[in-house]
Amino acid sequence: MSQAIIFDFDGTLVDSQKTIYQCFQSITNYLAPERIAYAKNILIGPPLRDTASEILGPNHQDQLDEFVKLFIEMHDKHVIDNTYPYPGVIETLDKLNAKKVFMAIATNKRHSPTIKLINHYNWQEYFISIECSDDKSSIRNKEEMIQDILNNDKNFNKAFFIGDTVNDGLSANLSELTFIKAYYGYGRDQDWTKVNVKHSIHKPSEILQFI
């Protein structure tokens with residue numbers, strides 16, 4: 001049992017797949033149309049610059065800055081239009097909040113769209129800490145964000161970490177946190193053999209059984 005949870009964001013609390021894939025495909029079709037298959041099948045979750053680099057491939061790295069710039073403009077303009085909480089998330093957060101569970105977010109999503117969504121859904125009161133990859137002078141990885149949460153608030157030292165990708169799981173393992181896999185997220189087809197998955201959930205409301 002735990003009274004603290006650190007959540008991933010995309011693929012765990014919100015489904016942003018439609019907006020992100022639309023942006024990836026539109027920009028790839030403009031900059032490097034022969035790479036469109038990569039844009040259609042890329043894993044959502046890693047930092048934007050890493051994903052953009054993988055989509056563009058070795059022959060288009062000189063267009064990386066432009067890809068990132070176009071993505072930020074397009075995605076941030078439409079992020080609220082097609083990004084929704086997974087079914088049951090709102091009710092689950094309400095119940096966790098009522099139980100006075102300490103909650104935080106560690107996400108590779110940039111600060112601006114993350115906070116825009118948090119404010120749009122009136123989730124400000126739920127989270128003690130919201131750590132985004134670009135909150136500091138250099139981009140942080142997921143493990144570093146988790147460590148900043150742990151260093152800033154001892155209530156999270158024995159927290160569950162809930163995420164949907166292998167990177168989430170490995171970061172939780174390295175931070176010695178109990179990892180719960182959000183099976184409904186984006187990482188279903190990844191190779192999970194190196195991740196210590198303590199529990200899996202198939203819908204957000206199943207979180208409540210661990211509290």
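Predicted, not measured: the structure shown is a model, and the values here were computed from it. (Residues numbered from 1 in each chain as written. Predicted model: local features only at pLDDT ≥ 70, side-chain atom pairs only at ≥ 80, totals over all residues. Heavy atoms only, no water.)

J.: What should I look at first to understand the state of the cysteines in this one?
T.: Put plainly, a disulfide is one covalent bond tying together the sulfur atoms of two cysteines. The full count for this structure, using the stated rule, is zero disulfides. The structure places no disulfide on Cys-23, whose sulfur is separated from the nearest cysteine sulfur, that of Cys-132, by 17 Å. (Disulfide = S-S within 2.5 Å.)

J.: Explanation requested: the packing of helix H3 (residues 48-56) against helix H4 (residues 64-78) in the structure shown.
T.: When two helices pack together, you describe them by how their axes are tilted relative to each other and by the distance separating the axes. With their axes 10 Å apart at the nearest point, H3 and H4 run at an angle of 120 degrees to one another. Between H3 and H4, the interaxial angle falls into the category oblique. The interaxial crossing formed by H3 with H4 has right-handed handedness. The residues of H4 that touch H3, namely those facing Leu-48, Arg-49, Ala-52, Ser-53, Ile-55 and Leu-56, are Leu-64, Asp-65, Phe-67, Val-68, Phe-71 and Ile-72. (Axes fitted to C-alpha atoms, helices over the stretch in contact; angles between N-to-C directions. Helix = DSSP H or I, 4+ residues; strand = E, 2+ residues; numbered from the N terminus. Parallel < 35°, antiparallel > 145°, perpendicular 65-115°, else oblique. Left-handed = near helix turned anticlockwise from the far one by under 90°. Contact = heavy atoms within 4.5 Å.)

J.: What exactly am I supposed to notice about the sheet that holds strand E4 (residues 102-107) here?
T.: Strand pairing in a sheet takes place through backbone hydrogen bonds and is either antiparallel or parallel in direction. Spatially, the six strands line up as an open sheet ordered E5-E4-E1-E6-E7-E8, and their pairing is parallel. Each end of this open sheet is capped by a strand with a single partner; those strands are strand E5 (129-132) and strand E8 (199-201). The average angle at which neighbouring strand axes cross in this sheet is 20 degrees, direction not considered. The sheet contact formed by E4 and E5 spans four bridges and is parallel. Within the sheet, the bridge partner assigned to Thr-107 lies in E5 and is Cys-132. (Pairing = 2+ DSSP bridges.)

J.: How should the environment of Ile-201 be read in this particular structure?
T.: Looking at the secondary structure, you find Ile-201 in strand E8. Every residue in contact with Ile-201, bar those within four places of it in the chain, is listed here: Ile-162, Ile-180, Lys-181, Ala-182, Tyr-183, Tyr-184, Glu-206, Ile-207 and Phe-210.

J.: For this particular structure, what's the right way to read the side chain of Asp-76?
T.: Along the polypeptide, Asp-76 turns up in helix H4. Side chain to side chain, Asp-76 and Arg-110 meet in a polar contact 2.5 Å long. Excluding anything up to four places from it in sequence, Asp-76 contacts Phe-71, Arg-110, Ser-112, Pro-113 and Lys-116. (Polar contact = N/O pair within 3.5 Å; in protein donor to acceptor, adjacent residues only side chain to side chain.)

J.: What is the right way to look at the nonpolar core in this model?
T.: Nonpolar side chains in soluble globular proteins tend to end up buried together. Membership of the largest hydrophobic core comes to 47 residues, with the highest contact counts inside it found for Phe-7, Leu-13, Phe-24, Leu-93, Trp-123 and Phe-127. Top contributing element to this core by residue count: helix H1 (residues 17-31), with six residues. Not counting residues within four places of it along the chain, the set of residues in contact with Leu-13 comprises Phe-7, Asp-8, Tyr-84, Pro-85, Tyr-86, Val-89, Leu-93, Ile-105, Trp-123 and Phe-127. With 17 residues, the next largest nonpolar core counts Phe-156, Ala-159, Ala-172 and Phe-179 among its residues. (Core = buried A, V, L, I, M, F, W, Y, C linked by side-chain atoms within 4.5 Å. Buried < 20%, exposed > 50% of the residue type's maximum accessible area, 1.4 Å probe, protein only.)

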